[in-house]
Amino acid sequence: MATTTLAPPRPPLISWLAVASITLGIFAIVTSEILPIGLLTTIGADFRVSDGTAGLTMTLPGFVAAVAAPVLTVATGRLDRRVMLCVLMVVLAAADVLAAVAGAYWVVLVSRVLVGLTIGGFWSIAAGLASRLVPPPAVGAATALIFSAVPLGSVLGVPAGTLIGHLAGWRTAFLVLAGLAVLVLLALLALLPPLPARQVTGPRVLLDLLRLHGTRIALLATFLVVLAHFGTYTYVTPFLEHVTRLPPAAVSAVLLAYGAAGIAGNFLAGRAVATGPRLAFAVCGGLIAAATVLLPLAGTSQAGAVVLLVLWGLAYGGVPVCSQAWFLRAAPGTPEAATVIFTSSFQATFALGALLGGVIVDAFSVSVVMVAGGLVALVMAVSFSWLTRPRRAA
């Protein structure tokens, strides 16, 4: 059963630095998870595997995180959350080092399993800690800061990692991430107070949440839009290199523009969900559909590709905010459980999208996967609008 907790009496600066350390931790995790998007062709060439097979580096973490989110949350429900976050950051550092020194592709995949464990555990725990670190009036701002790490991983992490990978090798990019994970570990140890478990999420709470009508709608919408996005975005680098014919440095610049748009979309959606959550989520799906379907046509030119990637980034930047808002709307009394379901469903679909996208890329082409993803996003926008339409009184 959830209990109300008060923030400890700590200096405001220390409290906000603690929130920043969690934000930096999620940033390191998100960047480690999606960095292969920018280095997919390089990693594939190094191990002599296809783009679709290299896409397993995106698939595995998602599937593992989907299982780890509920399992770790339930299994460690009574442990100090500070200890758990620090342990998980050690695992992330080890995973990035393992990827950097891998002599065979299967070793890279093992490292990606460890990344998945970190994602599922860290994200599920950290997402609800704002109320324990800052006073009640600042909880909203602290939560927004923590979740800003997700688009920041795209706008800063992936382009920077991609640039490092092209200049010094993809292994160096993962070593840099390992160093960042160590810095985050030190910050967590120095800044976080003891965080004994005060809300235990058991299996029954999660099962009861899955029975709610609102949760099922949120699951369906999240499944479709995340499937569409990661089924296509995982292979955006091969598209930009082979179809748009951009050099590696230009790909990094385009991904940077995409990420900047994602940050804008994150904050715009944060405002929109407060007044029109239904419209905000449907618009995100519709814009992703438009961008991906048009990319094989207009994306053959550099200008067209940039415009559509910016539109895509703007739309996807709002997806995590809208999705989590709908899960919390379905279960306002159990925010931790709602966050676990959100994390698990998001990561599972992310992995499935990357996997199916790889199958389509290997069987057909990278342009075909863009169109297929766009059609799925369109189905999401239409079905979500219909299922959440206002009901007329009988």
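Once a new chain begins, its residue numbering starts again from 1 and follows that chain's sequence as written. In keeping with the predicted nature of the model, local features appear solely for residues at pLDDT of at least 70, side-chain atom pairs appear and are counted solely at 80 or more, and the whole-chain, interface and lining totals rest on all residues. With hydrogens and water set aside, each side-chain value is computed from the structure's full complement of heavy atoms.

Draft legend 1. View of the overall build of the chain. Within the chain, the secondary structure is distributed over 19 helices and 0 strands. For the radius of gyration, the atoms used are the C-alpha atoms, and the globule rule reads 2.2 Å times the number of residues raised to 0.38. Against the 2.2 N^0.38 benchmark of 21 Å for 394 residues, the chain shows a C-alpha radius of gyration of 20 Å, consistent with a compact globule. The C-alpha extent of the chain, read off along each of the three principal axes, is 60 × 55 × 35 Å. Note on definitions: a residue-residue contact is assigned when non-hydrogen atoms from the two residues lie within 4.5 Å. By sequence separation, contacts in the chain at least 24 residues apart represent 86% of the contacts at least 6 residues apart. The charged-residue count follows a simple rule in which Lys and Arg add positive charge and Asp and Glu add negative charge, with His and chain termini not counted at all. Where a charge sits is defined by one atom per residue type, namely NZ (Lys), CZ (Arg), CG (Asp) or CD (Glu). Computing the positive centroid from 19 side-chain charges and the negative centroid from 9, the chain places the two 15 Å apart. Labels follow the DSSP assignment, with helices taken as runs of H or I lasting at least four residues and strands as runs of E lasting at least two, numbered in each case from the N terminus.

Draft legend 2. Molecular detail of a nonpolar patch on the surface. Excluding any residue in a salt bridge, patches collect residues exceeding 30% relative accessible area, merging like charges within 9 Å and nonpolar Val, Leu, Ile, Met, Phe, Trp and Tyr side chains within 5 Å. Each accessible area value is a Shrake-Rupley result obtained with a 1.4 Å probe; residue values ignore everything except the protein chains displayed when judging cover. The salt bridge criterion pairs a side-chain nitrogen of Lys or Arg with a carboxyl oxygen of Asp or Glu, the two atoms within 4 Å. On the surface, Val182, Leu183, Leu186 and Leu189 cluster together to form a nonpolar patch covering roughly 360 Å² of accessible area. The topology assignment puts Val182 in helix α10 (residues 170-191).

Draft legend 3. Broad picture of the side chain of Thr237. As for its placement among the helices and strands, Thr237 is situated in helix α13 (residues 236-242). Dropping the residues within four chain positions of it, Thr237 is found in contact with Ile37, Gly38, Thr41, Val251 and Leu255.

Draft legend 4. Representation of the packing of helix α1 (residues 12-34) against helix α2 (residues 36-47) in the model. For the pair α1 and α2, the least separation of the axes is 7 Å and the interaxial angle reads 35 degrees. Contacts between α1 and α2 pair Ser32, Glu33 and Ile34 from the former with Pro36, Ile37 and Gly38 from the latter. The residue makeup of the contact of α1 with α2, split by class, is 3 nonpolar, 2 polar and 1 charged. In this analysis, axes come from line fits to C-alpha atoms, helices being fitted only over the stretch in contact, and the angle between any two N-to-C directions falls in the range 0 to 180 degrees. Gly is placed with the polar residues, together with every amino acid not listed as nonpolar (Ala, Val, Leu, Ile, Met, Phe, Trp, Tyr, Cys and Pro) or charged (Asp, Glu, Lys and Arg).

Draft legend 5. Summary view of the environment of Gly265. Considering the arrangement of structural elements, one finds Gly265 in helix α14 (residues 248-275). Taking the C-alpha atoms as reference points, Gly265 and Gly317, 52 residues apart in sequence, are found 4.5 Å from one another. Excluding residues that lie within four positions of it along the chain, Gly265 makes contacts with Leu314, Gly317 and Gly318.

Draft legend 6. Inspection of the environment of Ala264 at higher detail. Within the element layout of this structure, Ala264 appears in helix α14. In this structure Ala264 comes out as partly exposed when scored by relative accessible area, which is 32%. Residue exposure (1.4 Å probe, protein chains only): buried if accessible area is under 20% of the type maximum, exposed if over 50%, otherwise partly exposed.

Draft legend 7. The arrangement of the confidence of the model for the chain in detail. On a scale of 0 to 100, pLDDT captures the predictor's confidence in every residue. Looking at the chain as a whole, its pLDDT mean stands at 84, while 93% of the residues score no less than 70. Below a pLDDT of 50 lies the segment residues 1-8, which in the model reaches 15 contacts outside its immediate sequence neighbourhood of four places, other chains included.

Draft legend 8. Region of interest: the pattern of salt bridges. As enumerated under the stated definition, the model contains 1 salt bridge in all. Where Arg171 meets Asp46, a salt bridge forms, and the shortest distance between an N and an O atom there is 3.5 Å. Taken together, the residues Arg171 in helix α10 and Asp46 in helix α2 connect sequence positions 125 residues apart. Residue Asp46 is classed as partly exposed on the basis of its relative accessible area of 36%.

Draft legend 9. Region of the structure containing the packing of aromatic side chains. Two rings from Phe, Tyr or Trp (for Trp, the six-membered ring) form a pair when their centres are within 6.5 Å of each other. A pair whose planes differ by under 30 degrees is stacked, one over 60 is edge-to-face, and the rest are tilted. Under the definition given, this model contains 11 aromatic pairs. Ring centres of Phe47 and Tyr105 lie 5.8 Å apart, and the angle between their planes is 50 degrees; on these two criteria the pair is classed as tilted. On the criterion of sequence distance, the pair formed by Phe47 in helix α2 and Tyr105 in helix α6 (residues 105-126) is long-range, its members being 58 residues apart. For the pair formed by Phe47 and Tyr105, the shared burial category is buried. With centroids separated by 5.1 Å and ring planes inclined at 85 degrees, the aromatic side chains of Trp326 and Phe384 adopt a geometry described as edge-to-face. Here Phe384 lies in helix α19 (residues 366-387) and Trp326 lies in helix α17 (residues 319-330), a separation of 58 residues in the sequence. One exposure class covers both Trp326 and Phe384, and it is buried.

Draft legend 10. Spotlight on the state of the cysteines. In what follows, a disulfide is any cysteine sulfur pair within 2.5 Å. Enumeration over the complete set of coordinates arrives at 0 disulfides. Not part of a disulfide, Cys284 finds its nearest cysteine sulfur in Cys322, a span of 4.3 Å. Of the residues examined, Cys284 reaches a relative accessible area of 8% and is grouped as buried. Accessibility expressed as a relative area gives 0% for Cys322, which makes it buried.

Draft legend 11. Molecular detail of the packing of helix α16 (residues 302-317) against α17. Contact geometry of α16 with α17 gives a least axis separation of 5 Å together with a crossing angle of 20 degrees. Relative to α17, α16 is oriented roughly parallel. Contact with α16, carried on its side by Ala315, Tyr316 and Gly317, involves Val319, Pro320 and Val321 of α17 and no other residues of that element. Here is the rule for angles: anything less than 35 degrees is roughly parallel, anything more than 145 is roughly antiparallel, 65 through 115 is roughly perpendicular, and the remaining ranges are oblique.

Draft legend 12. Structural view of unusual backbone geometry. Its identity as a non-glycine residue notwithstanding, Arg48 has a phi of 55 degrees, on the positive side. Within the secondary structure, Arg48 sits in the loop between α2 and α3 (51-54). A relative accessible area of 79% means that Arg48 is categorised as exposed.

Draft legend 13. Structural detail: helix α5 (residues 81-101). Helix span, as expected, comes to 1.5 Å for every residue beyond the first. Taking 1.5 Å as the rise per residue, α5 with 21 residues should run 30 Å; its terminal C-alpha atoms sit 31 Å apart, in good agreement. Within α5 the residues assigned to the buried category are Arg81, Met84, Leu85, Cys86, Leu88, Met89, Leu92, Ala93, Ala95, Asp96, Ala99 and Ala100. The secondary structure elements touched by the buried residues of α5 are α1, α4 (56-75), α6, α7 (130-133) and α10. Here a polar contact is recorded for every N or O atom pair within 3.5 Å, except that within protein the pair must consist of a potential hydrogen donor and a potential acceptor, and residues adjacent in sequence are included only if both atoms are side-chain atoms. With a side-chain oxygen lying 2.7 Å from the backbone nitrogen of Arg82, the N-terminal cap of α5 falls on Asp80.

Draft legend 14. Summary view of α6. If you check α6, its first and last C-alpha atoms are 31 Å apart, about what 22 residues at 1.5 Å a residue would give, namely 32 Å. With 17 of 22 residues buried, α6 lies mostly within the body of the structure.

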